[in-house]
Structures are given as structure tokens and as C-alpha cells.
Amino acid sequence: MAFGPHLLLATLEGLVNSAVLALTALGLSLVFGVMRVVNVAHGEFYMLGAVLAWWVASLVSGHPALGFLVALVVSPLIVGAIALASERLVLRRLEYNPESTIVATIGLLYIFQQAALTFYGPEARPVEAPFSYRVLLPWFGYSGYKLAVIAASALLLAGTWYMLTRTKIGLVMRATQYDRETAQAFGIPVTKVYAGVFALGAMLAAVAAVLTVPISQAHYLMGRDPLLLSFIVVIIGGLGSLRGTVIAALLVGLSDGIISVFYTPTLAKIIATLLVAMVLVFRPQGLFGTAAR
Amino acid sequence: MSGESSPAKHYGLHAALIALLAVLAFLLPEYHHGVFARVMVLAVFAMGYNLLFGYAGLLSLGHAMFFSAGLYGAGLTMVHLGWGVLPAFAAGLVAGALLSLAIGFLALRTTGVAFMIVTMMFAQVFYLALFYFGSWTRGDEGLVIAQGQRRLSFAGVDLDLTSPVTRYFAALALFSLVLVVTLAVVRSRFGRVLVAIRENEERTRMLGFDAFANKLAATVLSGVICAAAGAAYAILFGYVGATFASIQYSILPLLWVLLGGAATTLGPLVGTLLMFYLIDSSGDLLKAWLPGWNLSSLGIVGVALVLLILFFPKGILGTVRERWVRWLP
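Residues numbered from 1 in each chain as written. Chains lettered and ligands numbered in written order. Predicted model: local features only at pLDDT ≥ 70, side-chain atom pairs only at ≥ 80, totals over all residues. Heavy atoms only, no water.

Trainee: How would you explain the overall build of chain A if you had to name every residue and give the values?
Mentor: Secondary structure assignment for chain A yields 11 helices and 2 strands. In sequence order, the secondary structure elements of chain A are arranged as α-α-α-α-β-β-α-α-α-α-α-α-α. Per-residue burial for chain A yields a buried fraction of 50% across its 293 residues. Pairs at least 24 apart in sequence give 77% of the contacts found in chain A among residues at least 6 apart. For chain A, the exposed surface amounts to about 12900 Å²; the carbon and sulfur share of it is 68%. (Helix = DSSP H or I, 4+ residues; strand = E, 2+ residues; numbered from the N terminus. Buried < 20%, exposed > 50% of the residue type's maximum accessible area, 1.4 Å probe, protein only. Contact = heavy atoms within 4.5 Å. Areas by Shrake-Rupley, 256 points an atom, 1.4 Å probe, with all protein chains shown as cover.)

Below, the structure written as C-alpha cells:
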């Protein structure tokens, strides 16, 4: 393949990465922004989403699209319920202390991994894509499903943006993020908002995972890379900034896709991680964020 | 707090513990003998972690890189350059000192949550670099240090560090040294400044202390102690692998210190020992009770972390100190 088409392919792969990453990172960003909790178990909600998608799809018989669609709805709901339970049973009892919650979510990470290993097993399993249409470009054929993933992610991101900026729920969430005590004084049920945000963040990761399962497989250790990449995205984009998160996801996803086509992925990861650590050291508000109050 | 108590009580207690461990060398059955040697080396790792986390209040999620700096500093020089035990150990310490100085210099510009993430990311870079330089480190597969190299000869004495008894006493010597150093640091002015920084950094700075310099010194001391544990691990157990640099080995010392009691000198040993036996024994028990559940140490570590942070945040010795033995350092 010539350089031009090769670059196009790399860009398309990068866009698919970005689309999935933006959703996952947005969940992490929301939880941090509103609750000031760094959820280390976020990658495991992604993993649970994928594993549950396989389970749900395997229960539904008939056309693969049917199983996939049911999984797309049911799996995030179950993950949301699990997140809600973790929030009630663990995070709330710690009064959302930043350091304690990190330790606790590390514990949750291991518990979820263990649960997946016990009930799902160590194998990697795929979910069949809902359709197998290939878009024929002059140089190569490209999976129509991957393009659909980009579209679905864009829709979900737009929906989340609309909810945050144009609805009452979003207003309440932003008020809680801006000033927890004042929000409480104005009658906003802060603990309910926290529970809702934590569940929503986990569900975003789960949806992203369900969308990816037909492309990559479900495995009990699959949460590690998304966690690290989401951290990178959220840090570069500025913690708690939705616009920054989406831009950073594009940046990271595209460059990850393009760099790993042309260079070794290990070196790409080393450079990306190092750069992000440096951003956090020298510009803690992120590249697009504004300084904390 | 700790400074008010008499030094005799403190040093007496620690000397008694060291003596007890020395006696145990002759009483323990073979299997537990080996476990204790390993636990003492890992407890050194935990003590290094505790210095920074317990006393200075800095929660790092990247200490695996300091342990591995020592591990690889000693291991690589022995395997590729054929160095002897003592220079290789020194190489491990130097690697740990340089790395912790550089990381401390950068990471200490951040605080709180950002500090945890930054240390975790630097550790991740270190971990990935081990794979990138796989032709020397052999990545996950790791390197085995030849038995013949793991012996120490000086002044006419020839010690074979692969024999269980010598290994136990080598581990005990390192453990005792680090334990006494930790106790001395904790009782010193420097140690009290660290606690002051943990309790209220701004006020400490206002009193005229250089918070950054003190935290940097604590980071380097902690890094060197962890590197000493890593170098000793490579030399005593003869294996060097990238697993020791993974995120799990950054979390384990946190777990050990939380269990034993953060900011207690003896907590790291208690935590490491208990956790080792908990994972060791519960593995078999759970397999017998719940066959086919694929239980690994993952779940036990996870449940232990959550339960500790929820119900027992001070750990075992922290609670003992709070309730009964006020003078415990």
C-alpha cells in the first residue's frame, strides 16, 4: 500500500480508538469533576461492560444484531447498578476522601477482576458484530461497523453534552461540581447526585466497551489500557472539562493509532505516558483547562 | 510524640524483635524458614514505602520502580558485567538513589491526587522501558542470576548466599539495619518535620522549614531503602523480572503498610508477614471450599484493601498504639 492510503487507514483506526476512548474518558472525567474522586476501578467498569455484553449476547438467539442491541442496553444498566452499589457501600462511607477512595477503588479493581475471572473465565471471547457490511474504498475495504462505532460515539457524546448543559439534571450536576456546600444549602440532594454521577460514569465506560467488543474481544484483564489511556486523556484535557476531554481523546486516539502503525507500540506508549506525566507536573490544570479556583 | 518516650524502651523493643527473628532461624520448619527470609526482604520494601506514606504523608503509587531500580541495578550488572555481590548491591542502591532523586524532583511539584497519578505514570514508563530494552532485561521472562555468582567473599570468609541459613541471616541483617535506621529517622528532628508536613504542610513552611527539601530527602531515603530491598531480592533469590515493576508491586507495599499500621516502625513487617500468610493459606482453603472458582490472590488483595480502608484505616499496630501502647514508635 502507498503512503497516502496507509495514512488514511491509520487515521480511520485512530478515529475508532478516539471514539471509544472519548466515551470512557468522559465517564472518568465526570466522576472526578463532580465528586473529586479518582476512580481507579473505571477500567474495570469497561471490562465488566464487555464481559456482560458477551454474556447477554450469548443468551439471545436469532440474528446477531438482536443480541448486540440487547447487550447495548442491558450491559450498561447492570454495570450502572454495580457502580451504584459500590458508591453506596464503599465510597460514601469514606465521605469521598480523595486518598481513601483511591485505595478503595484499587481494591474494587481487584475484586471486579476476580469476579470476572471466576464467573467468566480467563478466555478472551468476541461478540458478533450486528452487521458485516464493508465499505469499499478505492484502496481497501473498511469495516462498516467501525464507522458505525464512530457515529454512535459522536451521538452519545452529543447527548451527554446536551444533558450537562441544557437540562435540569445537568444544571444540578454542575452546581454540585462548582460548590458542593452551597449546592446542598440550596436543597440539591448532593449524595444522590454523587451516586447518579458515579453510575453514569461507569455506564459510559460500559457503553464504550459494548461498542468495542465486536472489534476486540472481552477479557478479564482488558480494563488496564483503557484506564491508563483515560487518565492520559483526562489529564491532558483538564480534569472535569468535557470539551477538553473530547479534544484530548481525539488527539491521543489519533496519535496512538498513527504512531503505532509506523513505530513500535511500546515506544509510543512510553513517550505518551512520559509526556502526560510532564503535563501533570508542569501544567496540572491540563492543556485545555483553566487554573483551579 | 515519639520523641517524648525514652530511647531505651524504643531500641529495646526493636532489639528484642531482631533477637526473636534470629532465634526463629533455628526453630522454624524449612518451608516457613524460606517464607520468613522472603518476607523480611519485602518488609524492607514496605519500610521504605512507610517512610514516605506513613510519616511524610505522601501516597505514591509508583514505588515498584524504586524496588525494580535496585533489582535491575544489581541483577543487570551481575548478569551482563559479571560483577560481584557487593558492587552489584551498591549499583542497585545508586540506581535507586538517582531515580528517586529525579522522580522526587519532578513529582513533588504536585500534591495529593496528582502526586499519586504522576508517580503511577512514571512507574508505568519504567515498566514499559523494561520491555523496550528487552534484549538486556528479557522482559516478563526475566533473568536468572547464576548460583556461582551469588556468593560473598571478604577477609577470608566465604558466604554462599544461596544456602537457606546464610540467606536468612543476610535478609535479617538488611532488615535489622533498615529497621534501626527507620527508628533513628523517626525519632530525629527530620522525622518530626516529616510528620509536621503530613499534618499541616503550610504551617510547617510558615515555621521556617523547607517543605520541598524535606520531602525530597524523604523520597530519596525511601527510594534507596526500597532499592536496597530490590537489590537484596535479586541477589538472595536469584531472579529478576519485569513483574516486579508492574503496578501490582506498587500497590502491595501500600497494602502491607495499611494492614500493619502506617507510621509505625514495626507495622510494615507485621503487615507483610500477615498478608503473605493470608494469601498463602487462604488460597488452599478457598480452593477446597469453592472448587472451580478460579480464585487467585487478586480477590483477596482487593477485599483486604477495601475492608482495611473502610473499617480499619489505622492498621493493626496503629490501633494498638491508639488504644493500648501509647509509646509505640
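Trainee: Describe the side chain of glutamate 87 of chain A, naming the residues involved and giving the relevant values.
Mentor: Residues and elements named next belong to chain A. Counting through the fold element by element, glutamate 87 comes out in helix H3 (residues 64-91). Relative accessible area serves as the criterion here: at 0%, glutamate 87 is assigned to the buried category. Residues in contact with glutamate 87, not counting those within four places in the same chain, are Met35, Arg92, Tyr96, Thr191, Tyr194, Ala195 and Phe198.

Trainee: Before we move on, could you go through the packing of helix H1 (residues 3-35) of chain A against helix H6 (residues 168-178) of chain A and cite the residues and values that matter?
Mentor: Residues and elements named next belong to chain A. Across the interface, H1 lies against H6 with an axial gap of 7 Å and an inter-helix angle of 60°. The angle between H1 and H6 places the two elements in the oblique class. In this structure, H1 uses Leu30, Gly33 and Val34 to contact H6, whose residues at the interface are Met173, Thr176 and Gln177. When grouped by side-chain class, the residues that make up the contact of H1 with H6 number 3 nonpolar, 3 polar and no charged. (Axes fitted to C-alpha atoms, helices over the stretch in contact; angles between N-to-C directions. Parallel < 35°, antiparallel > 145°, perpendicular 65-115°, else oblique. Nonpolar A, V, L, I, M, F, W, Y, C, P; charged D, E, K, R; others polar.)

Trainee: Which residues make up H1 of chain A, and what values go with them?
Mentor: For H1 of chain A, built from 33 residues, the straight-helix expectation of 48 Å at 1.5 Å per residue is met to within 8% by its first-to-last C-alpha distance of 46 Å. Just past H1 of chain A, the residue arginine 36 of chain A takes up positive phi, approximately 60°. (Expected span 1.5 Å × (residues − 1).)

Trainee: Report on the interface of chain A and chain B, specifying residues and quantitative values.
Mentor: Listed per partner, the contact involves 41 residues of chain A and 38 residues of chain B. Taking both partners together, chain A and chain B bury about 3500 Å²; carbon and sulfur atoms supply 84% of that area. Linking chain A with chain B are 0 salt bridges. Linking chain A with chain B are 1 residue pair in polar contact (both at pLDDT 80 or more). For the side of chain A that touches chain B, the secondary structure elements donating two or more residues are H3, helix H4 (98-119), helix H9 (224-237) and helix H11 (265-282) of chain A. Top element by residues in the side of chain A that touches chain B is H4 of chain A. It accounts for 16 residues. (Buried area = accessible area lost by both parts, 1.4 Å probe. Salt bridge = Lys/Arg side-chain N within 4 Å of Asp/Glu carboxyl O. Polar contact = N/O pair within 3.5 Å; in protein donor to acceptor, adjacent residues only side chain to side chain.)

Trainee: Give me the lowdown on unusual backbone geometry, citing residues and values where you can.
Mentor: All names here are of chain B. In this structure, arginine 138 takes a positive phi of about 55° despite not being glycine. Note on placement: arginine 138 falls in the loop between helix H6 (134-137) and strand S1 (143-144). In this structure, alanine 263 is a non-glycine residue whose phi angle is positive, near 60°. Inspection of the secondary structure puts alanine 263 in the loop between helix H11 (248-260) and helix H12 (267-289). Owing to a relative accessible area of 9%, alanine 263 belongs among the buried residues under this scheme.

Trainee: Could you give an account of the layout of surface pockets, with specific residues and numbers?
Mentor: Here the largest pocket is characterised by a volume of approximately 1200 Å³. Looking at the lining of the largest pocket, the elements with two or more residues in it are H1, helix H2 (42-59), H4, H9, helix H10 (242-262) and H11 of chain A together with helix H5 (112-132) and H11 of chain B. At 7 residues, H9 of chain A tops the list of elements feeding residues into the lining of the largest pocket. A per-class count over the lining of the largest pocket returns 27 nonpolar, 13 polar and 8 charged. (1 Å grid on protein atoms, 1.4 Å probe; cavity = no way out; pocket = protein on both sides within 12 Å on 5 of 7 lines; lining within 4 Å. Points joined across faces, edges and corners; volume = space filled by probe spheres on them.)

Trainee: Would you mind going over H10 of chain A in detail, with residue names and values included?
Mentor: Residues and elements named next belong to chain A. For H10, with 21 residues, the first-to-last C-alpha span of 30 Å sits near the 30 Å given by 1.5 Å per residue. Of the residues making up H10, those classed as buried are Gly244, Thr245, Ala248, Ala249, Val252, Gly253 and Gly257. Tucked into the core, H10 has its buried residues touching H1 and H9.

Trainee: Go over the packing of H4 of chain A against H11 of chain B with me, naming the residues and quoting the values.
Mentor: Taken N-terminus to C-terminus, the directions of H4 of chain A and H11 of chain B make an angle of 120°; their axes are 12 Å apart at the nearest point. When the axis of H4 of chain A is compared with that of H11 of chain B, the two are oblique. Of the two possible hands of crossing, H4 of chain A and H11 of chain B adopt the one that is left-handed. Facing H4 of chain A, whose interface residues are Val103, Ile106 and Tyr110 of chain A, H11 of chain B presents Gln248, Ile251, Leu254 and Leu258 of chain B. (Left-handed = near helix turned anticlockwise from the far one by under 90°.)

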